[in-house]
Protein chains: 2
Amino acid sequence: MEKNLTNTQQIVLNSLEKSDQPLGAYSILFNIQKKGIKSPQQVYRALDKLIEIGAVHKIESLNSYIACKNKNCDIKKSTSFLICEKCKNVSEINDNNLTDEFSKLTKKSDFKYATHNLEIFGFCKGCR
Amino acid sequence: MEKNLTNTQQIVLNSLEKSDQPLGAYSILFNIQKKGIKSPQQVYRALDKLIEIGAVHKIESLNSYIACKNKNCDIKKSTSFLICEKCKNVSEINDNNLTDEFSKLTKKSDFKYATHNLEIFGFCKGCR
DNA sequence: AGTGTTATGTTATAATATAACAATTTTAAT
DNA sequence: ATTAAAATTGTTATATTATAACATAACACT
């Protein structure tokens, strides 16, 4: 199950795992330049792969990327996040019911569910 | 309830309403250059306002914008879309239950729901 | 070893979005 | 009505995010 990552992919993933918050591609690049990564292309290519295997998710509304904390995340392509509007903290929801609910919901519109991105904005425990 | 739009805002809105599909800001700009709109800034400022009043929504994963068909849309800031992966058709879901469901869901995490963006990918009636 | 395929490095450029400031219009107080 | 302050708009420049294109290298199969 564990994928072997290339050097660059591992460096990008480490950078994201060290951060508790999502990072933009160019922030990642800045972080890892000292390790010999020189171009955006290298970062984006690594991100593509990491996203594909479910190790990283993209948060579309922030144009940024976050490591999936969830080791057993069987949701590879769908993402669901809570984003605090005050402190900007982002946390991943791991509610497998969502897939079922969306699947049911979309049937009403004769739509065959495949994946989803969900971004919920509001205020986290500490900020409300 | 009806907002008065400025000339530029109305032109941008018309451009989106004429399109059945979402448009990027620069596509809009291209469409309306013949009407004297010259710069991205004008388009983005109009979009900001139109989004604020709920006349237009942004589809984050596509970096594009769509007119809200739903005249009585009381959901101003939240958005929910079905996106067909084959024909790229986008349609808006208008299920007010979603807000309630997300509100309940996030309570479990001690999170105070405010708004959401939901993008569901799959295959539409014609493409499945 | 030779050849086709896949991955990586590198440079350049495309696509999306905002900053900064000047010019104009609107507002609202005197 | 006059004018100062505030908000809106026009315009140029630039920042930010992402991909194209092509060269080079690594891999794998015969």
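This text goes with the structure placed above it.
Residues numbered from 1 in each chain as written. Chains lettered and ligands numbered in written order. Predicted model: local features only at pLDDT ≥ 70, side-chain atom pairs only at ≥ 80, totals over all residues. Heavy atoms only, no water.

K.L.:
Honestly, the pairing of strand 1 (residues 56-59) of chain B in this entry has me stumped. Any pointers?
P.N.:
Looking along a regular strand, one sees the side chains alternate between the two faces of the sheet. Residue and element names in this part refer to chain B. With four bridges connecting them, strand 1 and strand 2 (residues 64-67) associate as antiparallel partners. Across the sheet, the residue bridging to His57 is Ile66, located in strand 2. Between strand 1 and the antiparallel strand that follows it, strand 2, lie four residues; Asn63 among them carries a positive phi value of about 45°. (Pairing = 2+ DSSP bridges. Helix = DSSP H or I, 4+ residues; strand = E, 2+ residues; numbered from the N terminus.)

K.L.:
Explain the pattern of salt bridges here, please?
P.N.:
Where charged atoms of side chains with opposite charge meet at close range, the side chains can pair. By the definition in use, this model includes five salt bridges over all chains. Between A:Glu60 and A:Lys58 there is a salt bridge, with the nearest N and O atoms lying 3.7 Å from each other. Of the residues examined, A:Glu60 reaches a relative accessible area of 13% and is grouped as buried. Residue classification places A:Lys58 among the partly exposed residues on the basis of a relative accessible area of 25%. B:Asp110 is paired through a salt bridge with A:Lys125; the nearest N and O atoms lie 3.9 Å apart. Linking B:Asp110 in the loop between helix 4 (97-107) and strand 5 (112-123) with A:Lys125 in the segment after strand 5 (112-123), this pair reaches from one chain into another. Note on A:Lys125: relative accessible area 60%, which makes it exposed. One network of salt bridges, in which partners are shared, links A:Lys125, A:Arg128 and B:Asp110. (Salt bridge = Lys/Arg side-chain N within 4 Å of Asp/Glu carboxyl O. Buried < 20%, exposed > 50% of the residue type's maximum accessible area, 1.4 Å probe, protein only.)

K.L.:
Quick question: what am I supposed to make of the packing of aromatic side chains here?
P.N.:
Two numbers describe a pair of aromatic rings. These are the distance of the centres and the angle of the planes. All names here are of chain B. The final tally for this structure, using the stated rule, is three aromatic pairs over all chains. An angle of 70° between the planes, with centres 6.4 Å apart, marks the rings of Tyr26 and Tyr44 as edge-to-face. Here Tyr44 lies in helix 3 (residues 40-52) and Tyr26 lies in helix 2 (residues 25-32), a separation of 18 residues in the sequence. For Tyr26, a relative accessible area of 53% gives the class exposed. (Phe/Tyr/Trp six-rings, centres within 6.5 Å; stacked < 30°, edge-to-face > 60°.)

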